[in-house]
Amino acid sequence: AGTWYLIRGHGTGTGAGPVTGGTGGAVSASTVSSPPASSPPASSPSGSSTPSDTATASPSASLLNSPSAGYRRAADPVGYSIDVPQGWSRREEQGKLAPIVYYDSPSDGRQLQIFEVTEPTPYDSLTLAETAPGYGFAQQPGFQVVERDHGDTWAELSYRYDDKKKGARQVIDHRFEAADGTLYAIRSSGPVSLDPEQVRAPLRMAVRYFCPTGTACG
């Protein structure tokens, strides 16, 4: 009875320790509590941003795609846009299979040459242009390979040769798959007396921003 009395009087608290009864035995006064109700997830304060809201806005596409200093974007009537050095003049000739577009420097003999190719891959096209009997440029006087390389969607050959009218020339012939899947060649050339970077730079910009008309280019 004494134990019952003690439990009745002290067993309703939560977290109570052992209670000593009249017999000296320790009795645990256990309590049963319901598990806490699960709380709803904390909501963001009004006006706060989610991670997607706080992403930094990227510069506008028009800014990223603006021509670099010293270049202009030419919407060529053949069917593409291309970045060429300011002041270079355009001319066009009809090739055997497609128009050939030239952009010529007015002062130092540099030139860009652009045309569509029909071979299965850029590598096939460049190999044929170099080695074909009768017209391959490997047969030109003084032909000397400087460097060659290729990837899955492009091929490139740098070489030198002796032009009958212009003298010793350096050429970078780059063939690639454009954004619409069409294959093109862009050839950059100039006198061997120039720094090779002066011949490389116009080609680099022409290829980087080359875009067929009506195509979404990155």
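Right, let's walk through the structure included here. This one's a predicted model, so the numbers in the text were calculated from it and none came from an experiment. (Residues numbered from 1 in each chain as written. Predicted model: local features only at pLDDT ≥ 70, side-chain atom pairs only at ≥ 80, totals over all residues. Heavy atoms only, no water.)

Scanning the protein chain from N- to C-terminus turns up four helices and 12 strands. Taking all contacts inside the protein chain whose residues are at least 6 apart in sequence as the whole, residues at least 24 apart take part in 37%. (Helix = DSSP H or I, 4+ residues; strand = E, 2+ residues; numbered from the N terminus. Contact = heavy atoms within 4.5 Å.)

Right, let's get into the sheet that holds strand β9 (residues 154-163). Strand order in the open sheet formed by seven strands is β5-β6-β7-β11-β10-β9-β8, and the pairing between neighbours is antiparallel. The sheet terminates laterally at β5 (89-94) and β8 (144-150), the two strands that pair on one side only. Going from strand to strand, the sheet's axes swing by 15° on average, the running direction of each strand aside. (Pairing = 2+ DSSP bridges. Axes fitted to C-alpha atoms, helices over the stretch in contact; angles between N-to-C directions.)

Let's shift gears to the sheet that holds strand β3 (residues 71-76). The three strands lie next to each other as β3-β4-β12, forming an open sheet whose pairing is antiparallel. Lying at the two open borders of the sheet, with one neighbouring strand each, are β3 and β12 (211-212). Note that β3 and strand β4 (residues 80-85) share six bridges and pair antiparallel. When the sheet's bridge partners are listed, alanine 74 is paired in β4 with isoleucine 82. The strands touched by helix α4 (residues 196-208) within the sheet are β3 and β4, with β4 carrying the most contacts at an inclination of about 155°.

Within the secondary structure layout, cysteine 217 lies in the segment after β12. Judged by its relative accessible area of 28%, cysteine 217 falls in the partly exposed class. In this structure the C-alpha to C-alpha distance between cysteine 217 and aspartate 180, which are 37 residues apart in sequence, comes to 8.7 Å. Among residues more than four places away in sequence, those in contact with cysteine 217 are Ala179, Phe210, Cys211 and Pro212. (Buried < 20%, exposed > 50% of the residue type's maximum accessible area, 1.4 Å probe, protein only.)

One pass over the structure, following the stated rule, counts one disulfide. Disulfide pairing places cysteine 211 opposite cysteine 217 at an S-S distance of 2.1 Å. With the S-S dihedral at roughly 90°, the linkage between cysteine 211 and cysteine 217 falls on the right-handed side. (Disulfide = S-S within 2.5 Å.)

With the rule as written, the count across this model stands at nine aromatic pairs. Ring centres of phenylalanine 137 and tyrosine 159 lie 4.7 Å apart, and the angle between their planes is 10°; on these two criteria the pair is classed as stacked. Of this pair, phenylalanine 137 sits in the loop between α3 (122-131) and β8 while tyrosine 159 sits in strand β9; the two residues are 22 residues apart in sequence, bridging distant segments of the chain. Judged by relative accessible area, which is 0%, tyrosine 159 ranks as buried. Seen from their ring centres, phenylalanine 143 and tyrosine 159 are 5.2 Å apart, and the 45° between their planes marks the pair as tilted. Here tyrosine 159 lies in strand β9 and phenylalanine 143 lies in the loop between α3 and β8, a separation of 16 residues in the sequence. (Phe/Tyr/Trp six-rings, centres within 6.5 Å; stacked < 30°, edge-to-face > 60°.)

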